[in-house]
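Here are the chains, one letter per residue:
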Amino acid sequence: MVKKLNPLLGAVAAALLHLLHPSPALAQTPKDTLVIGMSQYPPSLHPGIEPTVAKVYAMRFGYRPIATYNDDMKMQCFICTELPSIANGRAKLVDLGGGKKGMTVKFTLHPQAKWGDGVAITSKDVAFSWSVGSKPESGFAGGEFFRRVTKVEVLDPKNFVLHLNKPVYNFADLNDLALMPAHLEEPVVKGLKNPADYGKNTGFNREPTQAGLWNGPYKLTQIQSGAFLVFEPNPHWWGPKPHFKRITVKTVENTATLEANLRSGDVDFIAGVLGLSIDQGLAMAKEPASQQKYDFAFPPGLLYEYIILNNANPVLQDKRVRHALLMGIDRETLVKQLVDGKFPVAHSWVNPLELGFDANVTKYAFDPARAKALLDQAGFKPGAGGIRVNAQGQRLSLEYMTTAGNKLRELIQQVLQNQWKQIGVEVVIKNVPARTYFGETLKKHQFTGLAQLALSSTPESPPTAVLSSSGIPTASNNYGGQNYAHFSNPAMDKLIDEVQRELDPAKRKPLWAEMQKIFTEELPVLPLYFRTDVYVVPKWLTGVIRPGKLPAGPYAVEEWGVR
């Protein structure tokens, strides 16, 4: 005899089974928040002051330039309607008289473009931003842009013309303009007694959660200095609606701790450019459990790791010492053993992926015997403990700094410290937090010897900021340059000017080659390698890893979603 199940008990049993084994559709709450880990916190949130990779990455969620290179390294309009060109007539060569040529470049702003408080983005914002940045004491980093643009002509609220005092091939890149909302920032500027005080008083640093400072798919809504930035959807964004209701950019300066945060779930994914070091990413990618949980990508990027030399240091003013330092380190073995050969050794700042790369550039091989001979010639003879001394008995000792907590950089420091000791050079490691390093140490020349960092660039970008005399950060430009080595070479300055003026790519090629020749002869810095980014992305997050393309950065955040 078969007993019938009580209908009520059957319903209860079914409910219990449903709770224990939910259907796939109800297995998890749809994810509408995202936490991104990053190893550095921006020293400033102003788009034109203190440029760092950390700031550029974090701000892109809520801030877009008028036009610049996108995540696929192609020039793109973000707030304009059409990229200017000679062909479409928006860019024109003009006669300035006296045999000089200039250029005019017309832009049209997107008709729906607004700031996060609903105020329209207009040509007035462009003219105001240029007027602030063109004052050197304001501390804007894009000094060359403001030197070449002599006037912003406002045609109407959505159309403006840039007047340039010379033709340049990268006239469509307005990333250095640092577009600002005039209705919020103009009262700040008018209230200043000294233009040099702008950086301290700008709303981007004093009240960065003002909605009207942001013009991207998100706006900054919460901030804890040194710890995190919280972005939420911008209701006045005119583009595709973003998926996530909240994106938190969390700073964990120690990369080992950052990895632990990822594994524990406190961080959803790691920012490719400022996240895990390559050795961490490669190790995780080999783990079966991580392979099931994450997608991995290691794309090459225009990111150059190098060591700045303080050329005010009498020891480092001797070119023979600079050459000896480079020949005293085995960069090929370094990248092979530490990063599985993923980083190509750099011989100058120009990446082999670039059109301006010179295949015949001078290459300094690992040659400790030659390095020792050069140090002998420079007057440093072997002394006690194997460390060289000069005629006055002063030890050849150099301080070596970088960002504290960066696992790979600190490991590289130890390797290089040992290799330099083999040629008689003592290196003393002294690291500081990234925010201090980029906010004070580098720009104010508060390092005495060596300082390691990375440079992010755009395709065929002239080295104005890092190798020209005009890029030297000084009190007069409110420390706005990035030539932290204080390298000043008239021939290099002339070539940088000439390469910008040359509109024919084929004719720019020999100019790039000559710049690299000067660089490798003078060695104002020690080139190490070109970095490969590390993307560790959860499989449920779509839009970041794109098959057949480079991974998407925050410029495409509105295309990110959930699988």
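Our subject is the structure listed above.
Let us look at the structure shown here. Since we're looking at a predicted model, the values are computed, not measured. (Residues numbered from 1 in each chain as written. Predicted model: local features only at pLDDT ≥ 70, side-chain atom pairs only at ≥ 80, totals over all residues. Heavy atoms only, no water.)

## Looking at the packing of aromatic side chains
So, step 1. Applying the stated rule across the entire model yields 20 aromatic pairs.
So, step 2. Here the aromatic rings of Tyr437 and Phe438 are separated by 5.3 Å at their centres, their planes lie at 75 degrees, and the arrangement is edge-to-face. Across this residue pair, the class does not change: Tyr437 and Phe438 are buried.
So, step 3. Looking at Arg60, its charged tip hangs above the ring of Tyr555, at a distance of 3.9 Å from the centre.
So, step 4. One Lys or Arg, Arg508, reaches over the ring of Tyr169 and ends 3.7 Å from the middle of that ring. (Phe/Tyr/Trp six-rings, centres within 6.5 Å; stacked < 30°, edge-to-face > 60°. Buried < 20%, exposed > 50% of the residue type's maximum accessible area, 1.4 Å probe, protein only. Lys NZ or Arg CZ within 6 Å of the ring centre and 35° of its normal.)

## Section: helix H13 (residues 368-377)
So, step 1. Buried within H13 are the following residues: Ala371, Leu374 and Leu375. All buried residues of H13 lie within an arc of 100 degrees about the axis, which places them on one face of the element.
So, step 2. Contact partners of the buried residues in H13: helix H11 (319-327) and strand E15 (388-389).
So, step 3. Positioned one or two residues after H13, Gly379 has a phi angle of 95 degrees, which is positive. (Helix = DSSP H or I, 4+ residues; strand = E, 2+ residues; numbered from the N terminus. Arc of directions from axis to C-beta. Contact = heavy atoms within 4.5 Å.)

## Points about the packing of helix H12 (residues 331-339) against helix H14 (residues 407-421)
So, step 1. Their axes nearest at 12 Å, the elements H12 and H14 cross at an angle of 140 degrees. Accordingly, the angle class assigned to the pair H12 and H14 is oblique. Crossing geometry of H12 relative to H14 is assigned as right-handed. Along the contact surface, H12 presents Leu334, Leu338 and Val339, while H14 presents Leu408, Leu411, Ile412, Val415 and Leu416.
So, step 2. When its residues are assigned to classes, the contact of H12 with H14 shows 8 nonpolar, no polar and no charged. (Axes fitted to C-alpha atoms, helices over the stretch in contact; angles between N-to-C directions. Parallel < 35°, antiparallel > 145°, perpendicular 65-115°, else oblique. Left-handed = near helix turned anticlockwise from the far one by under 90°. Nonpolar A, V, L, I, M, F, W, Y, C, P; charged D, E, K, R; others polar.)

## So, the pairing of strand E20 (residues 535-538)
So, step 1. Of the two faces of E20, the one carrying Tyr535 and Val537 and the one carrying Val536 and Pro538 are both buried.
So, step 2. Across 4 bridges, the pairing between strand E12 (residues 294-297) and E20 is antiparallel. If you follow Tyr294 over to E20, its bridge partner there is Pro538. (Pairing = 2+ DSSP bridges.)

## Thoughts on the sheet that holds strand E6 (residues 149-156)
So, step 1. In space, the 4 strands of this open sheet follow the order E4-E5-E7-E6, with antiparallel pairing throughout. Single-partner strands in this sheet number two, and they are strand E4 (91-97) and E6. Here the strands of the sheet are splayed against their neighbours by 25 degrees on average, with no regard to which way each runs.
So, step 2. The pairing of E6 with strand E7 (residues 159-164) spans 6 bridges and is antiparallel. Paired with Val149 across the two strands is Leu164, which belongs to E7.
So, step 3. Along the sheet face, helix H3 (residues 123-133) touches E6 and E7 and points at about 165 degrees away from the line of E6.

## Side note on the pattern of salt bridges
So, step 1. In the structure shown here, the tally under the stated rule is 27 salt bridges.
So, step 2. One salt bridge in this structure joins Lys166 and Glu144, with 3.0 Å as the shortest N-O distance. With Lys166 in the loop between E7 and helix H5 (182-190) and Glu144 in helix H4 (residues 143-148), the pair connects residues that are 22 residues apart, well separated along the chain.
So, step 3. Under the relative-accessibility criterion, Lys166 is labelled buried at 5%.
So, step 4. Shared partners join several salt bridges into a network, and the residues in it are Glu144, Arg147, Lys166, Asp497 and Arg501. (Salt bridge = Lys/Arg side-chain N within 4 Å of Asp/Glu carboxyl O.)

## As for the nonpolar core
So, step 1. Membership of the largest hydrophobic core comes to 81 residues, with the highest contact counts inside it found for Ile308 and Trp420.
So, step 2. Not counting the four nearest positions on each side in its chain, Ile308 is found in contact with Leu442, Phe447, Gly449, Leu450, Ala451, Leu453, Tyr484, Ala485 and Val525.
So, step 3. Grouped together as the second largest cluster of nonpolar side chains are 77 residues, Ile121, Phe128, Ala182 and Phe244 included. (Core = buried A, V, L, I, M, F, W, Y, C linked by side-chain atoms within 4.5 Å.)

## Focus: the side chain of Ser348
So, step 1. Its place among the elements puts Ser348 in the loop between H12 and H13.
So, step 2. Looking at Ser348, the relative accessible area reads 2%, which means it is buried.
So, step 3. Here the side chain of Ser348 touches Val350 through a polar contact of 3.1 Å, landing on its backbone nitrogen.
So, step 4. Ignoring any residue separated from it by four or fewer positions in sequence, one finds Ser348 in contact with Tyr304, Gln516, Phe519, Pro527 and Phe530. (Polar contact = N/O pair within 3.5 Å; in protein donor to acceptor, adjacent residues only side chain to side chain.)

## A closer look at unusual backbone geometry
So, step 1. Look at Asp340: it is not a glycine, yet its phi comes out positive at around 60 degrees.
So, step 2. You can see Asp340 is positioned in the loop between H12 and H13.
So, step 3. The backbone of Glu460 shows a phi angle near 50 degrees, a positive value even though the residue is not glycine.
So, step 4. Examined against the element boundaries, Glu460 turns out to sit in the loop between strand E18 (450-456) and helix H16 (464-467).
So, step 5. Judged by its relative accessible area of 11%, Glu460 is buried.

Everything listed here is a matter of geometry and, on its own, says nothing about what the molecule does.
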